[in-house]
Amino acid sequence: MSLRQLNRQITLCCEDAEKQRRSALRLFDQQQQKVNQQLGKIPLPVIMGLAFAVGFIAEKLWQLPRTSQMIHLALSLRAF
C-alpha cells in the first residue's frame with residue numbers, strides 16, 4: 001500500500017469519525033430536549049416530595065445491619 005493510499009484512507013476514517021461524533025451529539029441534544037420537556041410537565045412539589053421519600057427510604061435501608069454491611073463489604077472489595 002502506498003503512502004498516498006494510506007493517507008487517503010486515514011483521511012476518510014477521520015471524516016467518518018467526525019460524522020459519527022456530530023450525529024451522536026445531535027442525538028444527545030434531541031434526547032436532552034425531550035427529557036427537559038417531560039420534566040417540565042411534572043410539578044416541582046411532586047419532584048421534591050419524591051426526592052424526600054427516596055432519601056427517607058435510603059436512610060432507613062442504610063440503617064439496617066445487613067444492608068450497611070453489604071455496602072461496606074462491596075466498597076472494600078472494590079478497592080482491590
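K.L.:
Please give an account of the overall build of the protein chain that cites residues and values.
P.N.:
Of the regular secondary structure elements, the protein chain holds three helices and zero strands. Listed by position from the N terminus, the elements making up the protein chain come as α-α-α. Its C-alpha radius of gyration of 25 Å places the protein chain more than 25% over the 12 Å reference for a compact globule of 80 residues. With respect to the three principal axes, the spread of C-alpha positions in the protein chain is 70 × 45 × 10 Å. The buried share of the protein chain, taken over its 80 residues, is 1%. Carbon and sulfur atoms make up 64% of the accessible area of the protein chain, which totals about 7800 Å². Between the averaged position of the 11 positive side-chain charges in the protein chain and that of its 5 negative side-chain charges there is a distance of 5 Å.

K.L.:
I'd like a description of a nonpolar patch on the surface, backed by residues and values.
P.N.:
Judged by side-chain polarity, Val35, Leu39, Ile42, Leu44, Val46, Ile47 and Met48 come together as a nonpolar surface patch covering roughly 630 Å² of accessible area. Broken down by secondary-structure element, the contributors of at least two residues to the nonpolar patch are α1 (3-40) and α2 (44-63). Examining the composition of the nonpolar patch, we find that four residues originate from one element, α2, more than from any other. In this fold, Ile47 is placed in helix α2.

K.L.:
Help me get a handle on the packing of α2 against helix α3 (residues 65-78), residues and values and all.
P.N.:
When two helices pack together, their arrangement is given by the angle between their axes and by how far apart the axes lie. Relative to each other, α2 and α3 sit at 85 degrees, their axes nearing to 5 Å. Considering their axes alone, α2 and α3 lie roughly perpendicular with respect to each other. Counted together, Leu61, Trp62 and Gln63 of α2 and Pro65, Thr67, Ser68, Ile71 and His72 of α3 form the full contact between these two elements.

K.L.:
Before we move on, could you go through the environment of Gln38 and cite the residues and values that matter?
P.N.:
Considering the arrangement of structural elements, one finds Gln38 in helix α1. For Gln38, a relative accessible area of 52% gives the class exposed. In this structure, the C-alpha to C-alpha distance between Gln38 and Val54, residues 16 residues apart in sequence, is 20 Å.

Conventions we followed
- Residues numbered from 1 in each chain as written.
- Predicted model: local features only at pLDDT ≥ 70, side-chain atom pairs only at ≥ 80, totals over all residues.
- Heavy atoms only, no water.
- Helix = DSSP H or I, 4+ residues; strand = E, 2+ residues; numbered from the N terminus.
- Rg over C-alpha atoms; globule rule 2.2 N^0.38 Å.
- Buried < 20%, exposed > 50% of the residue type's maximum accessible area, 1.4 Å probe, protein only.
- Areas by Shrake-Rupley, 256 points an atom, 1.4 Å probe, with all protein chains shown as cover.
- Lys, Arg positive; Asp, Glu negative; His and termini not counted.
- Charge placed at Lys NZ, Arg CZ, Asp CG, Glu CD.
- Patch = residues over 30% accessible without salt bridge, like charges linked within 9 Å, V, L, I, M, F, W, Y side chains within 5 Å.
- Salt bridge = Lys/Arg side-chain N within 4 Å of Asp/Glu carboxyl O.
- Axes fitted to C-alpha atoms, helices over the stretch in contact; angles between N-to-C directions.
- Parallel < 35°, antiparallel > 145°, perpendicular 65-115°, else oblique.
- Contact = heavy atoms within 4.5 Å.

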